[in-house]
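Residue strings, one per chain:
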Number of protein chains: 2
Amino acid sequence: MADTGMTTWEERGKPATLFKRFAFERYGATRDFLDALAALSEETGLHPQNINFGTTYVNITLEAVEGGELDEAVRAFATRIDALYSRAGE
Amino acid sequence: MADTGMTTWEERGKPATLFKRFAFERYGATRDFLDALAALSEETGLHPQNINFGTTYVNITLEAVEGGELDEAVRAFATRIDALYSRAGE
């Protein structure tokens, strides 16, 4: 796990989106994080608007539901993604 | 499977990269394609430079190894990705 995990999500654009970059030391950890994220999406029914990744990074953009304000559901989803990342180094 | 599967990869930039967009009708098919692509990377040891996806699309960029010309290995990898996509609709 790299040290970007403690940063906050960046609010961007209009309609608002949340953006964050996660860094990993090797592809295996990147892959584990992506698999955990897919499982979280399946559980919650929430999907990032966009996921952009290479071997050692994952950039995630979350959008407000129905183009509205960033509500609690989206922010809670972001927090749960952070938790997946915290566990990625274990 | 959408009809973009029959298009060719677009050569971009310098050093050269190959780019292609794949479209899917639903997230389950997108996810299956991403899983198959991860398995192919594990088998071949080749990884796309970048994968950019949402619920119903996957954009893939392949780069030449060591920044050189696009060699046969990269083009063969692209062809194998096309084959994964052809199977995604089955």
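Refer to the structure above for everything that follows.
Criteria and cut-off values
Residues numbered from 1 in each chain as written. Chains lettered and ligands numbered in written order. Predicted model: local features only at pLDDT ≥ 70, side-chain atom pairs only at ≥ 80, totals over all residues. Heavy atoms only, no water. Salt bridge = Lys/Arg side-chain N within 4 Å of Asp/Glu carboxyl O. Helix = DSSP H or I, 4+ residues; strand = E, 2+ residues; numbered from the N terminus. Buried < 20%, exposed > 50% of the residue type's maximum accessible area, 1.4 Å probe, protein only. 1 Å grid on protein atoms, 1.4 Å probe; cavity = no way out; pocket = protein on both sides within 12 Å on 5 of 7 lines; lining within 4 Å. Points joined across faces, edges and corners; volume = space filled by probe spheres on them.

Novice: Even after reading the chapter, I still don't get the pattern of salt bridges, so can you show me in this structure?
Specialist: Two side chains bearing opposite charge may form a pair once their charged atoms approach each other closely. Scanning the model with the defined rule gives twelve salt bridges over all chains in all. Salt-bridge contacts for Asp35(A) lead to Arg31(B); the nearest nitrogen and oxygen are separated by 3.2 Å. Linking Asp35(A) in helix α1 (residues 27-44) with Arg31(B) in helix α1 (residues 27-44), this pair reaches from one chain into another. On the basis of relative accessibility, which here comes to 33%, the residue Asp35(A) falls in the partly exposed class. Classification of Arg31(B) by relative accessible area gives buried; the value is 13%. Here the residues in one salt-bridge network are Arg31(A), Asp35(A), Arg31(B) and Asp35(B), joined through shared partners.

Novice: Any chance you could explain empty space enclosed by the protein here in plain terms?
Specialist: Unfilled space is identified by rolling a water-sized probe across the atoms. Per the counting criterion, the structure on display carries three cavities of 30 Å³ or more. Estimates place the volume of the largest cavity at around 100 Å³. Lining the largest cavity are Tyr27(A), Arg31(A), Phe53(A), Gly54(A), Thr55(A), Leu34(B), Leu37(B), Ala38(B), Ser41(B), His47(B), Pro48(B) and Ile51(B). When residues of the lining of the largest cavity are traced back to their parent elements, those giving at least two are α1 and β3 (50-54) of chain A together with α1 of chain B.

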